[in-house]
Amino acid sequence: MTKKLHVGIIFGGRSGEHEVSIRSANSVIEAIDRDRYEVIPLAITKEGHWLSPSDSASLLPEYARNLLPPTVKGSGEALTIVGDPSHAGLFRLEGNGPGATNQKLDVVFPVLHGTFGEDGTIQGLLEMAGIPYVGCGVLASSCGMDKVTMKTLFRQAGLPICKHIWFLRGEWERDPEAIKVRVAREIGFPCFAKPANLGSSVGISRADDEQSLKGAIDLAASYDRKVIVEEALNMREIECAVLGNDEPEASLPGEYVILEAQAAFLDYTEKYSNTGRVEFVVPAQVSAKLSSEIRRMAVKAFKAVDGAGLARVDFFLLRDTNKLLINELNTLPGLTDVSGFPKMWTATGLPFGKVIDRLIELAFERHVDKSRNLTTR
Ligand SMILES: Nc1ncnc2c1ncn2[C@@H]1O[C@H](COP(=O)(O)OP(=O)(O)O)[C@@H](O)[C@H]1O
Ligand SMILES: [Mg+2]
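Since the structure is predicted, the reported quantities are computational estimates derived from the model, not experimental observations. (Residues numbered from 1 in each chain as written. Chains lettered and ligands numbered in written order. Predicted model: local features only at pLDDT ≥ 70, side-chain atom pairs only at ≥ 80, totals over all residues. Heavy atoms only, no water.)

Next up on the list: the pairing of strand β4 (residues 89-92). Here strand β3 (residues 79-81) runs beside β4; their pairing, made up of three bridges, is antiparallel. Along β4, the bridge assignment pairs Thr80 with Phe91. As judged from the three bridges shared by β4 and strand β5 (residues 99-104), these two strands associate in the antiparallel manner. By the bridge assignment for β5, Phe91 is matched with Ala100. A loop of six residues connects β4 with β5, the two strands running antiparallel in sequence, and Gly95 in this loop sits at a positive phi of about 70 degrees. (Pairing = 2+ DSSP bridges. Helix = DSSP H or I, 4+ residues; strand = E, 2+ residues; numbered from the N terminus.)

With that out of the way, let us pick up the pattern of salt bridges. Counted according to the given criterion, the structure contains 18 salt bridges. Across the pair Glu177 and Lys180 runs a salt bridge whose closest N-O atoms are separated by 3.5 Å. You can see Glu177 and its partner Lys180 sitting in helix α9 (residues 176-187), three residues apart, about one turn around the helix. Residue Glu177 is classed as partly exposed on the basis of its relative accessible area of 47%. Across the pair Asp314 and Arg312 runs a salt bridge, and its minimum N-O distance is 2.7 Å. There is no split in this pair, since Asp314 and Arg312 are both buried. (Salt bridge = Lys/Arg side-chain N within 4 Å of Asp/Glu carboxyl O. Buried < 20%, exposed > 50% of the residue type's maximum accessible area, 1.4 Å probe, protein only.)

One number sums up the size of the second largest pocket: a volume of about 210 Å³. Around the second largest pocket, the lining is made up of 15 residues, and of these Pro53, Thr71, Ser75, Leu79 and Gln103 lie nearest the centre. For the lining of the second largest pocket, the elements supplying multiple residues, two or more each, are β2 (37-44), α4 (71-74) and β5. No other element matches β2, which puts three residues into the lining of the second largest pocket. Taken together, the residues of the lining of the second largest pocket break down into six nonpolar, six polar and three charged. (1 Å grid on protein atoms, 1.4 Å probe; cavity = no way out; pocket = protein on both sides within 12 Å on 5 of 7 lines; lining within 4 Å. Points joined across faces, edges and corners; volume = space filled by probe spheres on them. Nonpolar A, V, L, I, M, F, W, Y, C, P; charged D, E, K, R; others polar.)

Time to look at the sheet that holds β2. The strand order β2-β1-β6 describes an open sheet built from three strands, whose pairing is parallel. In this open sheet, the two strands that pair with only one neighbour each are β2 and β6 (107-110). Going from strand to strand, the sheet's axes swing by 25 degrees on average, the running direction of each strand aside. Of the pairings in the sheet, the one linking strand β1 (residues 5-12) to β6 comprises four bridges and is parallel in character. When the bridges of β6 are listed, Val7 appears paired with Val107. Along the sheet, helix α14 (residues 352-371) makes contact with β1, β2 and β6, crossing β6 at roughly 120 degrees. (Axes fitted to C-alpha atoms, helices over the stretch in contact; angles between N-to-C directions. Contact = heavy atoms within 4.5 Å.)

The subject of this paragraph is a negative patch on the surface. A cluster of acidic residues, Asp246, Glu247, Glu249, Asp306 and Glu365, forms a negative patch at the surface. In this fold, Glu247 is placed in the loop between β11 (235-244) and β12 (249-250). The class of Glu247 is exposed, set by a relative accessible area of 72%. (Patch = residues over 30% accessible without salt bridge, like charges linked within 9 Å, V, L, I, M, F, W, Y side chains within 5 Å. Areas by Shrake-Rupley, 256 points an atom, 1.4 Å probe, with all protein chains shown as cover. Lys, Arg positive; Asp, Glu negative; His and termini not counted. Charge placed at Lys NZ, Arg CZ, Asp CG, Glu CD.)

Here is the structure:
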């Protein structure tokens, strides 16, 4: 039997999407091929502390916890990764004093959503450490995290996007009247205010008039120093999953279908709580022509940010004109039992366990490709 690869699964994190990340990690641990991989769970608290594998495991639901290798139970010291490639393994933070351990990592799967996970920060650490990792690199991660930068790249690639403006929290605090005038003139009502760098609908709200605009911008500005305001669209929400490195492939598109009018937009609760008010349907009920257009655009969006590994590209299909706009690209899409990414690949013929195999292969492929770069003259 060949030796198992040691896969570090990092989850939790200093993010408003901490809980979603735990649910995604749970799905990955359930689906990963245990004959090929040995999982080392590495949780990061909301405060940013790295936990021991056994404490990390205790954050997971019992079923997933019981699937972990027995070695995890005994490893009670907090472990972390250091940015030095001569230690391609885990470092002890406590116990017998900080220092290297024998615990090697062959590859890391950062199952972190939002800040300090999806934004290039953990990817930077993994680059410094020289460890292969699943998913997008530093640049694609940070560009995919920032809704303003991402839209700029999409526009540059000729992809259609919605009308929007953006400003800094400081500008809003100094002169809210000027911002309100800009929103009224350039966007109009209703509109959506969003923190530029977040996900899972956290900090996002709709403003129907100038009165509600203040609350919406204040909310968004409490999560980020950069705020984006977009025209509110009457649309269908279509998604498409992408897998690959330099020659990415797109899945069949899926759609969030709103079953009850109370679900005004896909907020955090609607996305993750099984309210029964929204349903994710694959394949999306669109024509074959539109479906291939969605897949083509998803690949184009992936390439526009120089993506790697995986991403989910989210579209708005305008109800009145049937026009397709790109809303966003998520470099670490939700991987929970109710999430679109695994469902879309399953419907395309690739069950989640196989998706994970592919992601790990892609991580090595990219690592090898990067290793060809000269770092000396
Ligand atoms: N311009 C818009 N018009 C109408 N609804 C929107 C608009 N932007 C966002 N929404 C709603 O808010 C949800 C979350 O917004 P999104 O931009 O996808 O942020 P997140 O990164 O949090 O997923 C969307 O899925 C959609 O339901
Ligand atoms: Mg979204």
